[in-house]
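If you want the building blocks of each chain, they are given just below.
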Amino acid sequence: MLVNKSELSKFCGLAPMTLDKLFADGAPYVSKGSRKQGWKVNTADFFGWYVARKISEVTDDPDAGSFDIAKTRDKEAQARLRELQIAEKEGTLIPVDEVVAFVGDMLGVVRSRFLAVESQVIGLTPEQKDAMKTAIADAFADVSGDKREDWTDDEPSDDDDSTAEAPDDFESVAAPDGAQGPSED
């Protein structure tokens, strides 16, 4: 609908001086007023511009109020969701909770095996056993961010001059039922 500036002021509840500022800022109009003829403003164009301006002021995103952009984002989200559903059905997508459970189980096995090393090595002196316990507890504390005392019941010894070396070979640990290990592909 085409209206003049005073009619537009009544429709939108803005003062004529405010409308002048909006037109100076780029609000759309059909024709600028003169002494002989008043302003002509298409209300649909003006209100579309005004709403987009208000949305961009609030969100700092000039495209936030765009229906076309919202529609495109929705289509992209639906396509991504379908891709994830297909990947899950094909077995190429593993839920995070299953991965967390698997890794937690494997780390529990690793922890218990390392904590048992000291009792399995024959011929160590009590000082050597304490040094080994301390080194293992320190290694777990470094990995987990916990304190050394959280990994062992014994008090750590003051002399911590031991250095641990990683073994050259590790035995493979079988994956829990239904889980697959890394493939050789």
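Residues numbered from 1 in each chain as written. Predicted model: local features only at pLDDT ≥ 70, side-chain atom pairs only at ≥ 80, totals over all residues. Heavy atoms only, no water.

Student: How should the packing of aromatic side chains be read in this particular structure?
Tutor: The geometry of two aromatic rings is summed up by the distance between their centres and the angle between their planes. Under the definition given, this model contains 8 aromatic pairs. Note on Phe 23 and Tyr 29: the rings are 5.7 Å apart at their centroids and 90° apart in plane angle, and the pair reads as edge-to-face. Relative accessible area serves as the criterion here: at 37%, Tyr 29 is assigned to the partly exposed category. On the basis of an interplanar angle of 50° and a centroid distance of 5.9 Å, the ring pair of Phe 23 and Phe 46 is categorised as tilted. One end of the pair, Phe 23, is in helix H2 (residues 16–24); the other, Phe 46, is in helix H3 (residues 43–59), with 23 residues separating them in the sequence. By relative accessible area, Phe 46 is classed as buried at 0%. (Phe/Tyr/Trp six-rings, centres within 6.5 Å; stacked < 30°, edge-to-face > 60°. Buried < 20%, exposed > 50% of the residue type's maximum accessible area, 1.4 Å probe, protein only. Helix = DSSP H or I, 4+ residues; strand = E, 2+ residues; numbered from the N terminus.)

Student: I would appreciate a short explanation of the packing of H2 against H3 in the present structure.
Tutor: A packed helix pair is summarised by two numbers, namely the angle formed by the two axes and the spacing between the axes. Here H2 crosses H3 at 80°, and the two axes come no closer than 12 Å. If you check the angle between H2 and H3, you find them roughly perpendicular. Along the contact surface, H2 presents Leu 19, Leu 22 and Phe 23, while H3 presents Phe 46, Trp 49, Tyr 50 and Arg 53. Class assignment of the residues belonging to the contact of H2 with H3 gives a composition of 6 nonpolar, no polar and 1 charged. (Axes fitted to C-alpha atoms, helices over the stretch in contact; angles between N-to-C directions. Parallel < 35°, antiparallel > 145°, perpendicular 65-115°, else oblique. Contact = heavy atoms within 4.5 Å. Nonpolar A, V, L, I, M, F, W, Y, C, P; charged D, E, K, R; others polar.)

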